[in-house]
Amino acid sequence: MSHASGSPQGATGGSAVPPHPYKNKAIGLAVAAAVGGFLFGFDSSVINGAVNAIEGEFDIDPAVTGIVVAIALLGCAFGAWLGGKLADRWGRTRVMFLGAVLFFVSSILSGIAFSAWDLVLWRVMAGIGIGIASVIAPAYIAEIAPAAMRGRLGSLQQLAITLGIFAALLSDQLLATSAGGAAEDLWFGLEAWRWMFIVAVIPAAVYGILALRIPESPRYLIATGKREEAKAVLATTLAEGDDVEAHVAQIEKTIESDKKLESQASLKGPRFGLLPVVWIGILLSVFQQFVGINVIFYYSTTLWQAVGFEESQSFMVSTITSITNVLVTFIAIALIDKVGRRPLLLTGSAGMAVTLGIMAIAFTQSSGSGEDVTLDGSWGVIALIAANLFVVFFGATWGPLVWVLLGEMFPNRIRAAALGVAAAAQWIANFLITVSFPPMLAAFGASIPYLMYAIFAALSFFFTLWKVPETKGIELEDMEGVKVDRSRRGTSTSA
């Protein structure tokens, strides 16, 4: 069997699917799963407002502070790997609940930490919970979403992440302002920075409750012999007129085929020990982080001060950037099932390479060193505009699309495990970028790091062009043979 991208048997383009009463159910389930992304975004940013207060509270040097900030990312990598393995044993929703519990408990313990080292332990626990959520949400959404709207629903994960980042920045500011400073007492004798962690129990509890209420993935249900339950779930998410029995039969056929390929159910393959499709997922994840997006969010104060903003204004500017990141995600949601994945990724890569290159050039004109960098004249404005355009290009393309692709591109028999490995690679890449920027800034100034990120953005363009298949409109059961059709720069499938 072979067919062009976006036109598989029984599928139609995203914009051609008529409204139906079941679509809202699919959207609701996707939103519930995407709350895990909110935890992801919240946790990645909540510590920013607490860093200085933690240094003062525990009298630690910047090196230890760096460990406290970045260690959660290694916990996330382990959680992503673990979540991928557990999802195939326990099911998607049970593992979601486990992630919520870990994050809930770690939020409280982080808030009452008595030393830097037990705070590190609780941050690792939080990271494991977030890593689990980061894997399960895209897998679950891909498995419950109709093919024609899978891209839009998968993009909700990134939208939730950006909303989580914004909520963390806003709550940090409100708590610090209410107490008169992050290190000042707020309620019950606890300082404001402690409450920054404790308030995370609210989204953690919401996520846990939702995980207990939403149905299990129909593919997992069929794989575990719960056929009627799977039919009931599919009946609420498929388009009106779709044959539920036919979909169940198709999934069963795939599962039977997978059993025959039991020896191939592992991720091991001929390319440096892994299957080629797993390497594509890993490299998508690494490129998403190696363009330096988290430098913009984690170390934005340095950039904004360099272009002339006072330190007291940095929160406002960072908030504007985070709002921009939220809004541009809607561009991806609007276009992903119409334009496709590859065109958006290619556009994003080109835009990020250009804007990061401009930032690298701008910072060659800076004076001072390390965090005391100043950009004079029009170069400050140019860097500011380029930085925000970079966020636009990332937020509309690579931010949401990588999570969509990771949720849908792997064959059914290895989806959860492969997604776990790819997501773990993403967290490790995030960690490397986070910890490497300060020493690079001190040693070389801002120009060299931004040039490095620009080169990675350019490389991501060619990687997408030659290696990333188009998955728009293709049923998950047909992902086994998806490959890049270089003659047409599109995608074909073959059985």
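Being a predicted model, the structure only gives us computed values, none of them experimental.

**What to know about the overall build of the chain**
And then number 1: Of regular secondary structure, the chain possesses 21 helices and four strands.
And then number 2: If you take every contact in the chain between residues at least 6 apart in sequence, the share linking residues at least 24 apart comes to 78%.

**Some words on the nonpolar core**
And then number 1: Membership of the largest hydrophobic core comes to 136 residues, with the highest contact counts inside it found for Ile 54, Leu 284, Leu 356 and Tyr 450.
And then number 2: It is helix H5 (residues 116–144) that provides the largest number of residues to this core, a total of 15 residues.
And then number 3: Dropping the residues within four chain positions of it, Leu 284 is found in contact with Leu 345, Trp 398, Val 402, Leu 405, Met 409, Phe 463 and Val 468.
And then number 4: Ile 222, Leu 238, Val 248 and Ile 255 belong to the second largest nonpolar core, which has ten residues in total.

**Details of the side chain of Ser 217**
And then number 1: Tracing the sequence through the fold places Ser 217 in the loop between helix H9 (201–213) and helix H10 (218–223).
And then number 2: Look at Ser 217 and you get buried, because its relative accessible area is 0%.
And then number 3: Not counting residues up to four positions away in its chain, the partners in contact with Ser 217 are Arg 92, Tyr 140, Glu 143 and Ile 144.

**A few points about the pattern of salt bridges**
Where charged atoms from two side chains of opposite charge approach closely, those side chains can pair.
And then number 1: Here the structure, examined in full by the defined rule, presents eight salt bridges.
And then number 2: Here Arg 152 ties to Asp 337 by a salt bridge, and the two come within 3.0 Å at their closest N and O atoms. In this pair, Arg 152 sits in helix H6 (residues 150–154) while Asp 337 sits in helix H16 (residues 314–339), placing the two residues 185 residues apart along the sequence.
And then number 3: Judged by relative accessible area, Arg 152 falls into the partly exposed class, the value being 23%.
And then number 4: Two residues, Lys 231 and Glu 245, come together in a salt bridge whose shortest N-O distance is 3.1 Å. One end of the pair, Lys 231, is in helix H11 (residues 227–237); the other, Glu 245, is in helix H12 (residues 244–260), and 14 residues separate them in sequence.
And then number 5: Accessibility expressed as a relative area gives 22% for Lys 231, which makes it partly exposed.
And then number 6: Relative accessible area serves as the criterion here: at 34%, Glu 245 is assigned to the partly exposed category.
And then number 7: Connected via shared salt-bridge partners are Arg 152, Asp 337, Arg 341 and Glu 408.

**With respect to helix H18 (residues 378–396)**
And then number 1: Here H18 is 19 residues long and its end C-alpha atoms lie 27 Å apart, about the 27 Å a rise of 1.5 Å per residue gives.
And then number 2: Taken together, the buried positions of H18 are occupied by Gly 380, Ala 383, Ala 386, Ala 387, Phe 390, Val 391, Phe 394, Gly 395 and Ala 396.

**A closer look at the packing of aromatic side chains**
And then number 1: What the rule picks out here adds up to 13 aromatic pairs.
And then number 2: Through a chain of ring-to-ring contacts, the aromatic side chains of Phe 363, Phe 437, Tyr 450 and Tyr 453 assemble into a single cluster.

**Brief notes about the side chain of Ser 106**
And then number 1: Inspection of the secondary structure puts Ser 106 in helix H4 (residues 92–111).
And then number 2: Residue classification places Ser 106 among the buried positions, given a relative accessible area of 0%.
And then number 3: Setting aside anything within four residues of it in sequence, one finds Ser 106 in contact with Trp 122, Met 125 and Ala 126.

**Things to note about the packing of helix H19 (residues 398–408) against helix H20 (residues 415–444)**
And then number 1: In the contact formed by H19 and H20, the axes pass within 8 Å of each other and the chain directions differ by 150 degrees. Between H19 and H20, the angle falls in the class roughly antiparallel. Contacts between H19 and H20 involve Val 402, Trp 403, Leu 406, Gly 407 and Glu 408 from the first element and Arg 415, Leu 419, Ala 422, Ala 423 and Gln 426 from the second.
And then number 2: Residue composition of the contact of H19 with H20, by class: six nonpolar, two polar and two charged.

What counts, and at which threshold
Residues numbered from 1 in each chain as written. Predicted model: local features only at pLDDT ≥ 70, side-chain atom pairs only at ≥ 80, totals over all residues. Heavy atoms only, no water. Helix = DSSP H or I, 4+ residues; strand = E, 2+ residues; numbered from the N terminus. Contact = heavy atoms within 4.5 Å. Core = buried A, V, L, I, M, F, W, Y, C linked by side-chain atoms within 4.5 Å. Buried < 20%, exposed > 50% of the residue type's maximum accessible area, 1.4 Å probe, protein only. Salt bridge = Lys/Arg side-chain N within 4 Å of Asp/Glu carboxyl O. Expected span 1.5 Å × (residues − 1). Phe/Tyr/Trp six-rings, centres within 6.5 Å; stacked < 30°, edge-to-face > 60°. Axes fitted to C-alpha atoms, helices over the stretch in contact; angles between N-to-C directions. Parallel < 35°, antiparallel > 145°, perpendicular 65-115°, else oblique. Nonpolar A, V, L, I, M, F, W, Y, C, P; charged D, E, K, R; others polar.

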